[in-house]
Amino acid sequence: MYRLNDKVKNLVPYDAVAGDYKVRLDANESFVDPGEFFKEEIAKAVGKVPLNRYPDPTSLKLRKAFSKIYGVKEALVVAGNGSDELITVILGAFLQSGDRLATLTPDFSMYGFYGETYERKTIEIEKREDLSIDVDQLIAELKEADPQVFIFSNPCSPTSLCLKKEEVDRIIKSTSALVVLDEAYMEFSDQSLLSEVENYDNLLILKTCSKAWGLAALRLGFALSNKRIVDAINSVRSPYNVNAMTQAIGELILSHPAYIEGAKKKIIESRENLYTSLLPLEQKGISLSDGTKVPVKRVVKSETNFVLVEFHDANWAKKVYEKLLKHDIIVRILGNFLRITAGTKDENQELKKAL
Ligand SMILES: *Cc1c(COP(=O)(O)O)cnc(C)c1O
């Protein structure tokens, strides 16, 4: 008999923000739109796509362009319909009934969400109060919990902090679990293990084109690992997972490394500017329209494309969030935190004015 089973009944959809706001700083997208630089080339590339044919099931040209930039053999790269799809495929493939998934908290909320939809036991390992990772503690807890998969982001969303690669190396070598290392924001830091991925037998790295590359609309991500794991992913993913238009545009943009270098520089500059303008709030607090002063606990020094602002409780965070909404500015609220994406000069300025 058909029924909405308990796991589905209790799920709530990811509250991605829809609707129009004058200033959108909620989703960590890039404010640089490659569509503006490559308008004609994109039209040409898309125009050549035979719409009646299935796309290349292996996304070969796209993977070639990726491997050229990041220095990883194309045979060790799998393309996906955003890293989100790849996460579902990987967790589906590497966890079976009774298995355990380990995550950190706070970290990207979708990891636990997918674990739950597969009915896998999710173990959340807490970070320190200052949001950093106690690596020795983590290694001990992984030993104790003995999960089949451990997934985390580095640099992390939402903390914006980045673990040194020597520390990540230590974690990977300490566990027999498959370590899924989500490097979605690594363009904004410098601790990537991408070029060394092949040297591990239990490491899988995720990359996305949604952040530094400014291609969130395309839905394009990559998974990288050793041959054995890559073969396994290829055998479980759906055959035409990346559509032909995404392949064509992705290949085009990924063939312009100078573009990404320029975009990265602009974004990092904006992040620094945003951090510098928010930092004084730690001393001054934020005034609401009724005259109340909201104290700011901490503005976190970021290695991503956003800045995290911490409040003493969720109620204060909500008050400031609502104040920003009144100014037609949307940011992301996560409990005691507001996560604010680095925007254009004007957007950062509007935010600063509103606060
Ligand atoms: C944004 C983000 C992703 C991106 O996923 P896509 O599905 O490729 O857009 C993955 N991981 C983290 C931690 C992110 O913040």
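For the structure itself, consult the block above.
Cut-offs and rules
Residues numbered from 1 in each chain as written. Predicted model: local features only at pLDDT ≥ 70, side-chain atom pairs only at ≥ 80, totals over all residues. Heavy atoms only, no water. 1 Å grid on protein atoms, 1.4 Å probe; cavity = no way out; pocket = protein on both sides within 12 Å on 5 of 7 lines; lining within 4 Å. Points joined across faces, edges and corners; volume = space filled by probe spheres on them. Helix = DSSP H or I, 4+ residues; strand = E, 2+ residues; numbered from the N terminus. Pairing = 2+ DSSP bridges. Axes fitted to C-alpha atoms, helices over the stretch in contact; angles between N-to-C directions. Contact = heavy atoms within 4.5 Å. Buried < 20%, exposed > 50% of the residue type's maximum accessible area, 1.4 Å probe, protein only.

1. As for the layout of surface pockets
Moving on, step 1. There is about 590 Å³ of room inside the largest pocket.
Moving on, step 2. Along the wall of the largest pocket there are 28 residues; nearest its centre are Tyr14, Ala27, Asp84, Phe108 and Lys211.
Moving on, step 3. Residue assignment for the lining of the largest pocket shows that the elements contributing at least two residues are α5 (82-94) and α6 (110-117).
Moving on, step 4. With four residues, α5 is the single largest residue contributor to the lining of the largest pocket.

2. Overview of the sheet that holds strand β3 (residues 100-105)
Within a beta sheet, neighbouring strands are joined by backbone hydrogen bonds and run either parallel or antiparallel to one another.
Moving on, step 1. Here we have seven strands laid out as an open sheet, ordered β2-β8-β7-β6-β5-β3-β4, and mixed in their pairing. In the strand order of this sheet, the two ends are held by β2 (77-80) and β4 (121-126), each with one partner. Strand-to-strand twist in this sheet, taken as the mean axis angle between neighbours without regard to direction, amounts to 20°.
Moving on, step 2. As defined by bridge partners, β2 adjoins strand β8 (residues 221-224) across four bridges and the pair is classed as antiparallel. When the bridges of β8 are listed, Ala79 appears paired with Phe222.
Moving on, step 3. Contacts between α6 and the sheet are confined to β3, β4, β5 (149-153) and β6 (178-182), with β3 contributing the most and set at about 160° to the helix.

3. Notes on the pairing of strand β7 (residues 203-208)
Moving on, step 1. With six of six residues buried, β7 lies mostly within the body of the structure.
Moving on, step 2. Neither face of β7 is open: one carries Leu203, Ile205 and Lys207, the other Leu204, Leu206 and Thr208, and all of them are buried.
Moving on, step 3. Here β6 runs beside β7; their pairing, made up of four bridges, is parallel. Bridging across to β7, Val180 finds its partner in Leu204.
Moving on, step 4. Two elements, β7 and β8, share four bridges in a ladder whose sense is antiparallel. By the bridge assignment, Lys207 is partnered in β8 with Phe222.

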